[in-house]
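Working through the structure, step by step
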Amino acid sequence: MESGAERRKDVRTSARLPVELASGDDGTLSVSSLNIGAGGVYVEVPRFIEPLTKLSLSMMIPGPTPEEEASLVETEAIVVRVLPEQPDPDVERYEVACAFLELSDENRDIVNRYCPTRAGVDHG
């Protein structure tokens, strides 16, 4: 692979979508996505989440056209990256990259149909 080449195989698009994250006894966080693709979602959260944390995730994905209804996507994800990389009391927001675990074919199709039609559109 060439240096700097894109490693993602799925289309990813910037999108401000509401996302619910839950992890064990930590309760549920209502956050916003920064971008999404069939491989995962990048979210902004108010607290540090340890890498490799398994999360339950749900989000409403708008239809690819205004005539199509939004679809609820529920899956599990694992935290693969957090910025900043360490907890810091001065940080108000962390950026968290979550990789989907076993995204169903139906949900993958919902995300894949949404992403190419919404590139660069802000829904928040």
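Just so it is clear, the model here is predicted, and its values are computed rather than measured.

**Things to note about the pattern of salt bridges**
Under the defined criterion, the tally for this structure stands at four salt bridges. Across the salt bridge formed by Arg-16 and Glu-44, the nearest N and O atoms sit 3.6 Å from each other. One end of the pair, Arg-16, is in the loop between strand 1 (12-14) and strand 2 (18-22); the other, Glu-44, is in strand 4 (residues 40-45), with 28 residues separating them in the sequence. A relative accessible area of 30% places Arg-16 in the partly exposed class. Owing to a relative accessible area of 23%, Glu-44 belongs among the partly exposed residues under this scheme.

**Comments concerning the environment of Gly-37**
Within the element layout of this structure, Gly-37 appears in strand 3 (residues 28-37). A relative accessible area of 1% places Gly-37 in the buried class. For the pair Gly-37 and Arg-108, spaced 71 residues apart in the sequence, the C-alpha separation amounts to 8.7 Å.

What counts as what
- Residues numbered from 1 in each chain as written.
- Predicted model: local features only at pLDDT ≥ 70, side-chain atom pairs only at ≥ 80, totals over all residues.
- Heavy atoms only, no water.
- Salt bridge = Lys/Arg side-chain N within 4 Å of Asp/Glu carboxyl O.
- Helix = DSSP H or I, 4+ residues; strand = E, 2+ residues; numbered from the N terminus.
- Buried < 20%, exposed > 50% of the residue type's maximum accessible area, 1.4 Å probe, protein only.

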